[in-house]
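# Fold and contact review
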Amino acid sequence: MQKTLSIIKPDAVKKGVIGKIIDRFESNGLRIAAAKKLKLSEEDAKNFYIVHKDRPFYGELVKFMTSGPVVVMVLEGENAVAKNRELMGATDPKKAENGTIRADFADSIDANAVHGSDSLENAAIEISFFFSNREIC
């Protein structure tokens, strides 16, 4: 069983589609091992996305991720990283396959509804950023 991190981003939270997105995960074999709703501080967002600090979109990403509450979750299941990325769809919702979370709920490449870890290594780092071991059931 793998674990991965998922974030329902401010745009999707504002639209009121948290339950619909969670249903996609659960209906496709991913279990919610931990979840919480929170508002990222600027420092949190900068630290979480530090790998992108030298990219031109970094400032806008930090601003967007602090614009409203997010829901962070640990998803668990067989091939959880790949399954989550498949369910999310392409980063650009215009290029995402029909029926994916981004195709159905995202507005743009910037406001793209969800974040998901891209590897097991990054999943471990990202999960520990938001959750202690005792919070993961």
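Under the annotation held in an unreviewed UniProt entry, the protein carries the name Nucleoside diphosphate kinase and is attributed to Campylobacter sputorum subsp. sputorum. Looking at the Subunit (unreviewed entry) heading of the UniProt record, one finds this comment for the protein: "Homotetramer." Per its UniProt entry, the protein bears the Cofactor (unreviewed entry) comment "Mg(2+)".

### Things to note about the layout of surface pockets
The space that makes up the largest pocket amounts to roughly 730 Å³. Breaking the lining of the largest pocket down by element, the ones donating at least two residues are helix H3 (42-48), helix H4 (58-65), helix H5 (80-88), strand S4 (114-116) and helix H7 (120-130). Take the lining of the largest pocket: its biggest share by element is four residues, from H7. Taken together, the residues of the lining of the largest pocket sort by class into twelve nonpolar, eight polar and eight charged.

### Some points on the UniProt feature "active site" (unreviewed entry) in the protein
The sites that UniProt annotates as "active site" (unreviewed entry) are His115. Relative to the assigned elements, His115 resides in strand S4. For His115, a relative accessible area of 12% corresponds to the buried category. For His115, the residues in contact, after removing those within four places along its chain, are Leu5, Ser6, Ile7, Lys9, Phe48, Tyr49, Asn84, Met88, Arg102 and Glu126.

### Some remarks on the UniProt feature "binding site: ATP" (unreviewed entry) in the protein
Taking the numbering used here, the UniProt-annotated feature "binding site: ATP" (unreviewed entry) corresponds to Lys9, Phe57, Arg85, Thr91, Arg102 and Asn112. In the annotated group above, the largest pocket draws its lining from Lys9, Phe57, Arg85, Thr91, Arg102 and Asn112. Along the polypeptide, Phe57 turns up in the loop between H3 and H4. Excluding anything up to four places from it in sequence, Asn112 contacts Lys9, Asp11, Thr91, Arg102 and Ala106.

### Some details on unusual backbone geometry
Of note in this structure, Asn79 is not a glycine but carries a positive phi near 50°. Assignment of secondary structure puts Asn79 in the loop between strand S3 (70-77) and H5. Residue classification places Asn79 among the partly exposed residues on the basis of a relative accessible area of 46%. One non-glycine residue, Ala113, lies in the positive phi region at around 75°. The exposure class of Ala113 is buried, given its relative accessible area of 0%.

Parameters at a glance
Residues numbered from 1 in each chain as written. Predicted model: local features only at pLDDT ≥ 70, side-chain atom pairs only at ≥ 80, totals over all residues. Heavy atoms only, no water. UniProt positions renumbered as here; feature names shortened; annotations may be inferred. 1 Å grid on protein atoms, 1.4 Å probe; cavity = no way out; pocket = protein on both sides within 12 Å on 5 of 7 lines; lining within 4 Å. Points joined across faces, edges and corners; volume = space filled by probe spheres on them. Helix = DSSP H or I, 4+ residues; strand = E, 2+ residues; numbered from the N terminus. Nonpolar A, V, L, I, M, F, W, Y, C, P; charged D, E, K, R; others polar. Buried < 20%, exposed > 50% of the residue type's maximum accessible area, 1.4 Å probe, protein only. Contact = heavy atoms within 4.5 Å.

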